[in-house]
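Residue-level structural notes
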Amino acid sequence: MAWNEGRKAFDTAAAVLAKRLVKINSSGQVLHNTADDGDPCIGVAEYGAGSGDVVGVKLINFGGSQEIIAADAFAVGADVYAAADGKVSALPAAAGDYR
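Everything in this summary refers to the structure shown in the same document. (Residues numbered from 1 in each chain as written. Predicted model: local features only at pLDDT ≥ 70, side-chain atom pairs only at ≥ 80, totals over all residues. Heavy atoms only, no water.)

Examining the side chain of Lys58
- Within the secondary structure, Lys58 sits in strand S5 (residues 54–59).
- One buried charged side chain, Lys58, makes no salt bridge at all; its nearest oppositely charged neighbour is Glu46, positioned 6.7 Å away.
- Only 3.0 Å separates the side chain of Lys58 from the backbone oxygen of Ser65, close enough to count as a polar contact.
- In this structure Lys58 touches Gly6, Arg7, Ile42, Gly43, Val44, Glu46, Gly63, Gly64, Ser65 and Gln66, once residues within four positions along its chain are discounted. (Helix = DSSP H or I, 4+ residues; strand = E, 2+ residues; numbered from the N terminus. Buried < 20%, exposed > 50% of the residue type's maximum accessible area, 1.4 Å probe, protein only. Lys, Arg positive; Asp, Glu negative; His and termini not counted. Salt bridge = Lys/Arg side-chain N within 4 Å of Asp/Glu carboxyl O. Polar contact = N/O pair within 3.5 Å; in protein donor to acceptor, adjacent residues only side chain to side chain. Contact = heavy atoms within 4.5 Å.)

This is the structure:
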C-alpha cells in the first residue's frame, strides 16, 4: 500500500494552477492564497485543476522543500512571503506583517 505522507486531496473552489500556495475556504475547498487576506496558506498545489475538481496539496507543515511560482525575481536564499495569486515574493526591507 502506498503512503503519501504530507499530502492531501481537496476539492477546488476555483481553478488552481500548479506550484501555487493555496488556502482553504469556509466550505473546505482550496483556492489560490492572496497577499492581503487573513487566511493562512495550507500548502502548495502539486498540479493544476479546474474549478470543482480535486487537487493534490503538499501541506505547508510537512518537512522538505517545495517549488513555488515566484511573482518576481529574487536572490537565492532570500526570505519570501505569500504574494498575490498563490505566488511568493521577496520580503521587503520595510517592517511589517508578512506570511
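Notes on the environment of Ile69
- Here Ile69 is to be found in the loop between S5 and strand S6 (80–82).
- A relative accessible area of 30% places Ile69 in the partly exposed class.
- Measuring from C-alpha to C-alpha, the distance between Ile69 and Leu21 comes to 8.6 Å, with 48 residues separating the pair along the chain.
- Once residues lying within four places of it in the same chain are set aside, the contact partners of Ile69 are Ala18, Lys19, Arg20, Lys87 and Val88.

Concerning the layout of surface pockets
- Estimated volume of the largest pocket: approximately 330 Å³.
- Around the largest pocket, the lining comprises 18 residues; the ones closest to its centre are Leu21, Ile60, Gln66, Ile68 and Val88.
- Those elements that place two or more of their residues in the lining of the largest pocket are S5 and S6.
- Per-element tally for the lining of the largest pocket: the top contributor is S6, with three residues.
- Split by residue class, the lining of the largest pocket holds 13 nonpolar, three polar and two charged. (1 Å grid on protein atoms, 1.4 Å probe; cavity = no way out; pocket = protein on both sides within 12 Å on 5 of 7 lines; lining within 4 Å. Points joined across faces, edges and corners; volume = space filled by probe spheres on them. Nonpolar A, V, L, I, M, F, W, Y, C, P; charged D, E, K, R; others polar.)

By themselves, these observations are geometric and do not establish any function.
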